[in-house]
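Okay, here's what each chain looks like letter by letter:
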Amino acid sequence: MLSRVIHARGLARTFRKRKEEVHAVVGVDLDVSAGEIVGFLGPNGAGKTTTLRMLTTLLEPTAGTATVAGCDLRTDPVGVRRRIGYVSQSGSTAPEARAGEEVVDHARLYGMSTAEATERGKQLFSELDLDGLWERQPKAMSGGQRRRLDIAVGLIHVPELVFLDEPTTGLDPQARANLWDHIRALREERGTTVFLTTHYLDEADALCDRILVIDHGSIVAEGTPDQLKSQVGGDVLTVTAERPEEAAEVARLVGALPGAEPPQLVETRVIGRVPHGGRALVELVRALDAAGLAVSGIESRRPSLDDVFLGLTGRSLRESGGAPAPAPEEVPA
Ligand SMILES: Nc1ncnc2c1ncn2[C@@H]1O[C@H](COP(=O)(O)OP(=O)(O)OP(=O)(O)O)[C@@H](O)[C@H]1O
């Protein structure tokens, strides 16, 4: 069995603001194995950053226990800090400093010599596509370069586990995909364990081996992206009636498909859930034909992580600032 790099039980944090109590995290259990890339997904205010700040010793839990990188969070926070890297949402580099100096200064805090830190820093710059930027000030870098510099700072002391808080927020799609490659390379080439928070469903889907979904301070689901999607069950069927007055009849036929759940009708669009999209499509086309009903579009798609999220939290991640789910394939009728 792979060794466990994070093992947390009942981790909780309550904030007290004047007389009000905010239960930001209420009893989180989580396990992360060595070499995993785990995504921590949740809407705004769900408790992601608070959990991360507890696991990285920046915030004391109100309750619960955890070992992180083999050290107890409460009794050996210094041991935890030595073994982990943490890249916060805002990053940690001063805009006026020289990039290389920032990295070396950070390494010196961990007891590395300047020579050792420079060598390792230059190697990291090369791995993270920052060649030629050693003397550059962060304020004169692109958003993607600055984010990769934050990651270089977080990795300079060769941590076995790195926490990334929303690593790609604010980056353009190309810079995001580029950073995903670098995060994958960390695991492939160094065996680094990565625990990251994200708002982006496509990021969690493309990058993470496993996803934990947090809402209102508790973990409400976990699994591989495919496992989570299969929890929703079946396929999503969308049919658009050509004539508005026939939409209700189209909905009736969709609802009558074997194993179908009652469909939703949104203007002329009928959205249903069926156990097997492919089979249902064939039956539906026949039934529509026999009833003389015209449709302008008909599609079947696998549930997206957004469908999972909607089912679990009653909110769409898209509404809470996430990226749109990939577009479904349209099958012209
Ligand atoms: N220092 C604090 N004092 C009081 N309440 C806080 C504090 N920090 C966080 N909270 C509250 O705790 C809850 C969880 O916040 P947290 O930042 O962990 O959420 P999040 O999932 O990281 O959100 P986001 O995606 O917006 O970053 C929120 O209701 C937030 O307002």
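Criteria and cut-off values
- Within every chain, residues take consecutive numbers counted from 1 along the sequence as written.
- Totals for whole chains, interfaces and linings use all residues, but because this is a predicted model, local features are given only for residues with pLDDT of at least 70 and pairs of side-chain atoms are given and counted only at 80 or more.
- For each residue, a C-beta position is placed from the backbone atoms; the residue is near a molecule or strand when that point lies within 6 Å of it.
- Secondary structure follows DSSP: runs of H or I at least 4 residues long count as helices, runs of E at least 2 residues long count as strands, and numbering of each begins at the N terminus.
- The classification used treats Ala, Val, Leu, Ile, Met, Phe, Trp, Tyr, Cys and Pro as nonpolar, Asp, Glu, Lys and Arg as charged, and all other residues, Gly among them, as polar.
- Each domain span listed reflects an automatic or database assignment of domains.
- Here the expected span of a helix is defined as 1.5 Å times the quantity of residues minus one.
- Here the C-beta atoms are placed from the backbone, and a residue counts as buried if at least 20 other C-beta atoms lie within 10 Å of its own, exposed if 12 or fewer do, and partly exposed otherwise.
- By definition, residues are in contact whenever their C-beta atoms, placed on the basis of the backbone, come within 7 Å of each other.
- Strand pairing is assigned whenever DSSP identifies at least 2 bridges connecting the two strands.
- Orientation is described by axes fitted as lines to C-alpha atoms, over the contacting stretch for helices, and by angles from 0 to 180 degrees between their N-to-C directions.

### Quick notes on the site of the ligand
Right, so step 1: Close contacts around the ligand come from F15, K17, V22, A24, G42, N44, G45, A46, G47, K48, T49 and T50, and that covers them all.
Right, so step 2: Secondary structure elements with two or more residues in the shell around the ligand: β1 (4-17), β2 (20-33) and α1 (48-55).
Right, so step 3: Examining the composition of the shell around the ligand, we find that three residues originate from one element, α1, more than from any other.
Right, so step 4: Of the residues that constitute the shell around the ligand, the class distribution is four nonpolar, six polar and two charged.

### Topic: the domain arrangement of the protein chain
Right, so step 1: Per the domain assignment, the segments of the protein chain are domain 1 (4-229) and domain 2 (234-302).
Right, so step 2: Here the C-alpha centre of domain 2 lies 44 Å away from the C-alpha centre of domain 1.

### What about helix α5 (residues 143-155)?
Right, so step 1: In this model, α5 (13 residues) spans 18 Å end to end at C-alpha, consistent with the 18 Å of a helix rising 1.5 Å per residue.
Right, so step 2: Taken residue by residue, α5 has R146, R147, R148, L149, D150, I151, A152, V153, G154 and L155 as its buried positions.
Right, so step 3: Where α5 is buried, its residues meet β6 (84-87), α3 (99-109), α4 (114-127), β7 (161-165) and α6 (173-190).

### Focus on the sheet that holds β1
Right, so step 1: Judged by pairing direction, the sheet is antiparallel, and its four strands sit side by side in the order β2-β1-β4-β5 without closing on themselves. With partners counted over all chains shown, the strands left at the sheet margins are β2 and β5 (71-72), one partner each.
Right, so step 2: Direction of pairing for β1 relative to strand β4 (residues 63-68): antiparallel, over a ladder of five bridges. Across the sheet, residue R9 finds its bridge partner in β4, namely T65.
Right, so step 3: On top of the sheet, α1 reaches β1, β2 and β4; it is set at about 120° to β1, its chief contact.

### Here's the deal with the sheet that holds strand β9 (residues 210-215)
Right, so step 1: An order of β6-β7-β8-β3-β9-β10 is seen for the six strands of this open sheet, with the pairing classed as mixed. Either end of the sheet is taken by a strand with one partner, and the two such strands are β6 and β10 (218-223). Put simply, the sheet's adjacent strands are angled 15° from each other on average, direction ignored.
Right, so step 2: Here four bridges tie strand β3 (residues 37-41) to β9, and the two strands are oriented parallel to one another. Its bridge partner lying in β9, L41 is registered against V213.

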